[in-house]
2 protein chains.
Amino acid sequence: MTESWATSAFGTDLHLDLKGPGLRASLMDALRDAVRTGRLVSGTRLPSSRSLAVDLGIARNTVADAYAELVAEGWLSAQQGSGTRVATRAVPRPVAPTAVPAPPSGRRLALSLVPGSPDLAEFPRREWLAASRRALTAAPNDAFGCGDALGRVELRTAVADYLARARGVYADPGHVVICSGFHHGLMLMAQVLVGRGVRAVAVEDYGLDGHRDLLAGAGLRTPPVAVDGRGTCTDDLADLPDVGAVLMTPSHQYPTGVALHPERRAAAVGWARATGGLILEDDYDGEFRYDRQPVGALQGLDPDRVVYFGTASKPLATGLRLGWMVLPAALVAEIVAAKGHADWMSSSLEQLTLAEFIASGAYERHVRSMRLRYRRRRDQLVAELARRVPGIRVTGIAAGLHAVLELPAGTEASVVEAAAHNGLAVTGMAQFRGAARVSGAVAPAPDALVVGYATPSDSAWAGALDALCGVLPQAR
Amino acid sequence: MTESWATSAFGTDLHLDLKGPGLRASLMDALRDAVRTGRLVSGTRLPSSRSLAVDLGIARNTVADAYAELVAEGWLSAQQGSGTRVATRAVPRPVAPTAVPAPPSGRRLALSLVPGSPDLAEFPRREWLAASRRALTAAPNDAFGCGDALGRVELRTAVADYLARARGVYADPGHVVICSGFHHGLMLMAQVLVGRGVRAVAVEDYGLDGHRDLLAGAGLRTPPVAVDGRGTCTDDLADLPDVGAVLMTPSHQYPTGVALHPERRAAAVGWARATGGLILEDDYDGEFRYDRQPVGALQGLDPDRVVYFGTASKPLATGLRLGWMVLPAALVAEIVAAKGHADWMSSSLEQLTLAEFIASGAYERHVRSMRLRYRRRRDQLVAELARRVPGIRVTGIAAGLHAVLELPAGTEASVVEAAAHNGLAVTGMAQFRGAARVSGAVAPAPDALVVGYATPSDSAWAGALDALCGVLPQAR
């Protein structure tokens, strides 16, 4: 049996280079491979170096050397009198690939109106590639190195120009820091705040659990501030004496869709100035305003008290993982220190591509085209609801990529469930009431759906809209 | 004076669209802009709405509405009897852009032999763009979404295949996690270890301060393990009873350049099995081995006790910010939980491009071509040193992108200084002796330079080599 071992174990798939100096190494590779893939299991006794050498028609020393080195490396074990065996491994190798964790369950449904995603089918592949080609061709060699902790200056400059033009942001490229998205920026900011001795950051209620969790994870309390028809109740900030900052979505409150009332904008800045607090302005979809002039960013009111967060996720693609913060001058050094290791930086090639994409005007062209497209979607949503579910009230639709559909009390959970049953993922308002839930305050959220009308591709849109109308309760 | 104000303040650069519905908005924009850029400073009294309306030839109500809204937004203030003024801001706007923090001083020098960087001039721009075009054209729409927490499956599969082939790594795509480089991976690992109750991670001494600092920042102690001519002294691990993991560079110790002796490879795995500890294998330049078969990754010996870290930084470009970990099955869920927010993920477009770059064979072609190039550099370094500084000993040159030049005792600091004086950045060995320095143990490092011969571009190489030879002390 030992005689036939070499053939049976190595058989057809041992590609030994029988000439040349690589023979011993090839043999070692083949043996390692056989152990690794489980063809040779723990404890298997190997043929003697002499028999294997004969089988393979090579010098005995070559085999003996290979065995010795593999013993030293721990693949094989050799014991006086018992020959050479495959070493015992702590745990047997899995043979089948381990399943990758499944995506969140909502993703599994055929149709989705879950908010938070642009229409991914509309990513401007051709224009992006063209920008990438121009950027990569023109890039200095140092673009391939680890670069500037603030981010590539080309991108910071393009972003600063764009924000000043489109969002009324007072942005100096030296105060812009590129990050890998809003969460990254918020995490850096939380670190800086904790470092400054801040204990609490107020958050809007309604809002995203993920943001609150991130702040809480950094050691900050997150007292909720109520949201009403004029946006965040900024007057309430004065009642939260130890709050060092407030996280807000003034241009388009998430998820209610209200724009902060001008008086409250002024009040927020007034609070920040009076208390030395900071406003963390999450301008997640400020580009998409349909019915009137865009609401300028709050940051323009007082760049020294507002930290502005923007992102390419909604206008372009979440997958790019590129966002930016515009910082008060006094915070730049602290944020860079928090950013720390070079690894947290985004790909410099991707940064240069986005810089070129913005500077060439392609970004704003894309935003304009998407704005028309999303506005059409919104109008279709409103019209179809009016036709098929006439009593329903739709709010928060002046801007952004989502709308709020008010539901009769007590129906939200069953609507979400019925939609899922029909293959449509939708999100109930309850999900955004985390701050109050955690703090134990406040009445339950009024029943509503938060409908992301940008999420489906064109081909899925009609089906999603139809499925939505089919599960909504008729007004009484 | 009020009469001429509109002209002088707005003069030539107020581009009012005097027809159409956007007039009030344009006026507001122009006023905001004038405040933002400092043309209108705090406290400046504005003309009455009537006089400005006359000046501009527009309706008085339009001006009055614009004023009122800007007051509400906080740009202007209105007080009974004192008219409308530019609101007081907390801090005056800076006019000149703030300087961006300077890069580390070494970077300023014209020539550099600082280790840690590949030759950035050799980044394969054309091949990368071609891969990017193929990847982006073929990408499914969901590639532009936020994707899989482990990283794109295309890249994990390409990496797993490549590592099995080139590095002897036992890699299942389901156990590969894409990260934005080694630091990111190590940070995730540190979080997981802390979560498991580990208090200390042993580090090689010599090693990089940044790695030790990162572990320490996560709350771990970092006892040093000595390095000698056979690599890390793995037998010493047994003397560190509360160490839950050891961070190692077995294929090419950084910076000494020694490959871990086969017996010590086995000893390291033996320690991990006996104690339940983990080996964190930093395979930062395993692709670049010149004089014999590559040393396989330690991970292949026991994928359940070794966490493998690899990166595209050395073979391709640091600026890509793409690395990977190959995890024991039991760690995957914990690492994904530590990764947490989607933002820590790398650009999915870049991941797809790298996947295509690897799968098409371009990666290995590039590695082979760079291996030849770096090997030539290394040979030139050794030859030139032998010719011009005959007594000097060069070690650690069997692999990698750097060499160690031993110096007469007491000369290291002055050589580094003399080099800087001549415009050449070099790194002394003392910089890598942090662990012992911190722990207060051990004799001072023997004097040496760590020379990164891959760093200069071809055009700078001869000059760097010449400058280096010029400052090295002749052997006595």
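Note that this is a predicted model, so its numbers are computed, not measured.

Engineer: Break down the side chain of Ser132(B) for me, citing the residues and quoting the values.
Structural biologist: Here Ser132(B) shows up in helix H5 (residues 125-138). Relative accessible area serves as the criterion here: at 9%, Ser132(B) is assigned to the buried category. Once residues lying within four places of it in the same chain are set aside, the contact partners of Ser132(B) are Leu129(A), Ser132(A) and Thr353(B).

Engineer: Describe the environment of Arg199(A), naming the residues involved and giving the relevant values.
Structural biologist: All names here are of chain A. Tracing the backbone shows Arg199 in the loop between helix H7 (182-195) and strand E5 (200-205). With 58 residues separating them in the primary sequence, Arg199 and Asn141 have C-alpha atoms 44 Å apart. Contacts of Arg199, omitting those with residues within four sequence positions, involve Gly219, Leu220 and Arg221.

Engineer: With reference to specific residues and values, describe the nonpolar core.
Structural biologist: Side chains of a nonpolar character, in soluble globular proteins, are inclined to be buried together. Judged by nonpolar contacts, the single largest core of 66 residues is most densely connected at Trp324(A), Leu354(A), Tyr363(A), Leu405(A), Leu468(A) and Leu472(A). Top contributing element to this core by residue count: helix H15 (residues 458-471) of chain A, with eight residues. Apart from residues no more than four positions distant in its own chain, Leu472(A) is found in contact with Leu385(A), Val389(A), Ile392(A), Leu405(A), Leu407(A), Val415(A) and Leu449(A). Of all hydrophobic cores here, the second largest spans 65 residues; its members include Leu163(B), Phe288(B), Leu401(B) and Leu405(B).

Engineer: Any details on the sheet that holds strand E15 (residues 427-428) of chain A? Residues and values, ideally.
Structural biologist: Residues and elements named next belong to chain A. Within the open sheet, the four strands sit side by side as E12-E13-E16-E15. Their pairing is antiparallel. With one partner strand each, in any of the chains shown, strand E12 (394-395) and E15 form the two edges of the open sheet. As paired strands, strand E13 (residues 402-406) and strand E16 (residues 448-452) are joined by five bridges and run antiparallel to one another. Opposite Leu405, over in E16, you have Leu449 as the bridge partner.

Engineer: Describe the packing of aromatic side chains, and please don't skip the residues or the numbers.
Structural biologist: All names here are of chain A. A full pass over the atoms with the stated rule returns 18 aromatic pairs over all chains. Aromatic pair Tyr254 and Phe432: ring centres 5.6 Å apart, planes at 85 degrees, arrangement edge-to-face. Within this pair, whereas Tyr254 is found in the loop between strand E8 (243-248) and helix H9 (262-275), its partner Phe432 is found in the loop between E15 and helix H14 (434-439), the two being separated by 178 residues in sequence. The exposure class assigned to Tyr254 is buried, which follows from its relative accessible area of 11%. Look at Phe432 and you get buried, because its relative accessible area is 3%.

Engineer: Talk me through the sheet that holds strand E13 (residues 402-406) of chain B; I want residue IDs and the actual numbers.
Structural biologist: All names here are of chain B. Here we have four strands laid out as an open sheet, ordered E12-E13-E16-E15, and antiparallel in their pairing. What marks the edges here is a single partner per strand, and that holds for strand E12 (394-395) and strand E15 (427-428). In this sheet, E13 lies alongside E12 in antiparallel orientation, the contact comprising two bridges. Looking at the pairing, Thr395 lines up with Val404 of E13.

Engineer: Let's hear about the pattern of salt bridges: which residues, and what values?
Structural biologist: By the definition in use, this model includes 50 salt bridges over all chains. Here Asp458(A) ties to Arg377(A) by a salt bridge, and the two come within 2.8 Å at their closest N and O atoms. Placement of the pair is Asp458(A) in helix H15 and Arg377(A) in helix H12 (residues 362-388), with a sequence separation of 81 residues. Taking relative accessible area as the criterion, Arg377(A) reaches 2% and is therefore assigned buried. Arg377(B) serves as the salt-bridge partner of Asp119(B), at 3.3 Å between the closest nitrogen and oxygen. Of the two residues, Asp119(B) is situated in the loop between strand E3 (111-112) and H5 and Arg377(B) in helix H12 (residues 362-388); the sequence distance between them amounts to 258 residues. Overlapping salt bridges bring together Asp119(A), Glu122(A), Arg373(A), Arg377(A) and Asp458(A) as one network.

Engineer: If you had to explain empty space enclosed by the protein to someone new, which residues and values would you point to?
Structural biologist: Scanning the model with the defined rule gives nine cavities of 30 Å³ or more in all. A volume near 110 Å³ is recorded for the largest cavity. Around the largest cavity sit 13 residues that line it, and Ser132(A), Glu350(A), Trp128(B), Ser132(B) and Glu350(B) are the ones nearest its centre. Looking at the lining of the largest cavity, the elements that each hand over two or more residues are helix H5 (125-138) and helix H11 (348-359) of chain A together with H5 and helix H11 (348-359) of chain B. Among the elements that line the lining of the largest cavity, the one with the most residues is H5(B), at four residues. Class assignment of the residues belonging to the lining of the largest cavity gives a composition of seven nonpolar, four polar and two charged.

Engineer: Could you give an account of the environment of Asp302(B), with specific residues and numbers?
Structural biologist: Structurally, Asp302(B) can be placed in the loop between strand E9 (278-282) and strand E10 (306-311). Taking the C-alpha atoms as reference, Asp302(B) lies 22 Å from Asp239(B); in sequence the two are 63 residues apart.

Engineer: Explain the pairing of E8(A) to me, and be specific about the residues and the numbers.
Structural biologist: All names here are of chain A. Across the six residues of E8, six count as buried, placing the element largely inside the fold. In the sheet, E8 pairs with strand E9 (residues 278-282) via four bridges, with the strands oriented parallel. For Val246, the partnering residue across the bridge sits in E9 and is Ile279. A crossover links E8 with its parallel partner E9, the connecting element being H9, and its sense is right-handed.

Engineer: Talk me through the pairing of E5(A); I want residue IDs and the actual numbers.
Structural biologist: Residue and element names in this part refer to chain A. Of all six residues making up E5, six are buried, and the element is well covered by its neighbours. Two elements, E5 and E8, share four bridges in a ladder whose sense is parallel. Residue pairing across strands places Val201 opposite Ala245, the latter belonging to E8. Across three bridges, the pairing between E5 and strand E6 (residues 224-228) is parallel. Following the sheet pairing, Asp205 is matched in E6 by Ala226.

Engineer: Lay out the confidence of the model for chain A with the relevant residues and their values.
Structural biologist: Residues and elements named next belong to chain A. Of the residues in chain A, 87% reach a pLDDT of 70 or more, and the chain-wide mean stands at 85. Mean pLDDT per element in chain A: helix H1 (residues 2-10) is the minimum at 38, and E9 is the maximum at 98. Below pLDDT 50 for its whole length, residues 1-17 participates in 32 contacts with residues either more than four positions away or in separate chains. Ignoring residues within four places in sequence, the model shows residues 90-107, a span with pLDDT below 50, making 24 contacts including any to other chains. Two summary scores accompany this predicted model of the complex, namely pTM at 0.80 and ipTM at 0.79.

Engineer: Help me get a handle on the packing of H12(B) against helix H15 (residues 458-471) of chain B, residues and values and all.
Structural biologist: All names here are of chain B. Between H12 and H15, the least distance of the axes is 10 Å, while the angle of their chain directions is 30 degrees. If you check the angle between H12 and H15, you find them roughly parallel. Pair H12 / H15 crosses with right-handed handedness. The segment H12 lies against H15, with Arg373, Arg377, Gln380, Leu381, Glu384, Leu385 and Arg388 engaging Asp458, Trp461, Leu465, Asp466, Leu468, Cys469 and Gly470. Each residue belonging to the contact of H12 with H15 can be placed in one class, and the counts come to six nonpolar, two polar and six charged.

About the thresholds
Residues numbered from 1 in each chain as written. Chains lettered and ligands numbered in written order. Predicted model: local features only at pLDDT ≥ 70, side-chain atom pairs only at ≥ 80, totals over all residues. Heavy atoms only, no water. Helix = DSSP H or I, 4+ residues; strand = E, 2+ residues; numbered from the N terminus. Buried < 20%, exposed > 50% of the residue type's maximum accessible area, 1.4 Å probe, protein only. Contact = heavy atoms within 4.5 Å. Core = buried A, V, L, I, M, F, W, Y, C linked by side-chain atoms within 4.5 Å. Pairing = 2+ DSSP bridges. Phe/Tyr/Trp six-rings, centres within 6.5 Å; stacked < 30°, edge-to-face > 60°. Salt bridge = Lys/Arg side-chain N within 4 Å of Asp/Glu carboxyl O. 1 Å grid on protein atoms, 1.4 Å probe; cavity = no way out; pocket = protein on both sides within 12 Å on 5 of 7 lines; lining within 4 Å. Points joined across faces, edges and corners; volume = space filled by probe spheres on them. Nonpolar A, V, L, I, M, F, W, Y, C, P; charged D, E, K, R; others polar. Right-handed = clockwise from strand over helix to strand, strands pointing away. pLDDT = per-residue confidence, 0-100. Axes fitted to C-alpha atoms, helices over the stretch in contact; angles between N-to-C directions. Parallel < 35°, antiparallel > 145°, perpendicular 65-115°, else oblique. Left-handed = near helix turned anticlockwise from the far one by under 90°.

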